[in-house]
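Structural characterization, general
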Amino acid sequence: MVSFTINDKKLQVEQGATILEAAQSEGIKIPTLCYHKELKPYGACRLCLVEIVGGGRKGLEASCVYKVTEGLEVKTDTDRVKRTRKILFELLLARCPDSAEKVKKLAKEYGVTETRIKLKDKTNCILCGLCMRVCAEVSQRSAQSFSSRGINRKVQTPFDKLSEKCIGCGACAYLCPLESLTIEEAD
Ligand code: FES
């Protein structure tokens, strides 16, 4: 077991537990978009950030990938966390203005109802990777993956064609937080 402090409360968790898992087991709410308990954590959306205030490298960290260590001191709701989370929500709303009901709902829970950020390129994908991770880890097909880098990064099938590996299980569409994916019959 590992002892640590979260929001000034001392806790013990299993070795290897992440801060997010520890927080959730205590009923502490932390927003997530790219996390799913059946998949390997990925740390893409950063919404789950918390502040490490002692016992480790101080600063903001994604709680879904950060493992609890002995003596760690974590706060989940500092001003710095709230400020940064707000900007992240605003960026997500700016990036996906049309297809982000789930994001909008979650943002509203954290007091963000609009964005001050203007982006030229809008999309319906937040690059959370849930679709390709469930495809690889659960369906064991790897029918899609990330391509390109930076602002051109996107999820696509090989050569953007109907993937021969896809079995149409629909797991990708089911997990997409923006409900951007639909399953269609092939011609
Ligand atoms: S839920 Fe942790 S980075 Fe997305």
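Residues numbered from 1 in each chain as written. Predicted model: local features only at pLDDT ≥ 70, side-chain atom pairs only at ≥ 80, totals over all residues. Heavy atoms only, no water.

Points about the state of the cysteines
In total, this model carries zero disulfides according to the counting rule given. With no disulfide of its own, Cys166 has Cys172 as its nearest cysteine by sulfur position, at a separation of 6.4 Å. Just so you know, Cys176 is unpaired, no disulfide at all, and the nearest cysteine sulfur is the one on Cys128, 6.3 Å from it. Overall, Cys176 belongs to the buried group, its relative accessible area being 15%. (Disulfide = S-S within 2.5 Å. Buried < 20%, exposed > 50% of the residue type's maximum accessible area, 1.4 Å probe, protein only.)

With respect to the confidence of the model for the protein chain
Residues with a pLDDT of 70 or more make up 98% of the protein chain, whose mean pLDDT is 91. Across the protein chain, the secondary-structure element scoring lowest on mean pLDDT is strand E7 (residues 154-156), at 83, and the one scoring highest is strand E5 (residues 73-75), at 98. (pLDDT = per-residue confidence, 0-100. Helix = DSSP H or I, 4+ residues; strand = E, 2+ residues; numbered from the N terminus.)

Description of the sheet that holds strand E2 (residues 9-13)
Strand pairing in a sheet relies on backbone hydrogen bonds. The paired strands run either parallel or antiparallel. What the five strands build is an open sheet, ordered E2-E1-E5-E3-E4; its pairing is mixed. Looking along the sheet, the strands with just one partner apiece sit at the ends: E2 and strand E4 (59-62). For this sheet the average axis-to-axis angle between neighbouring strands, irrespective of direction, equals 40 degrees. In this sheet, E5 lies alongside strand E1 (residues 2-6) in parallel orientation, the contact comprising two bridges. Residue pairing for E5: Thr5 is matched across the bridge by Glu73. Against the sheet, helix H2 (residues 79-95) contacts strand E3 (49-54), E4 and E5, and its axis sits at roughly 155 degrees relative to E3. (Pairing = 2+ DSSP bridges. Axes fitted to C-alpha atoms, helices over the stretch in contact; angles between N-to-C directions. Contact = heavy atoms within 4.5 Å.)

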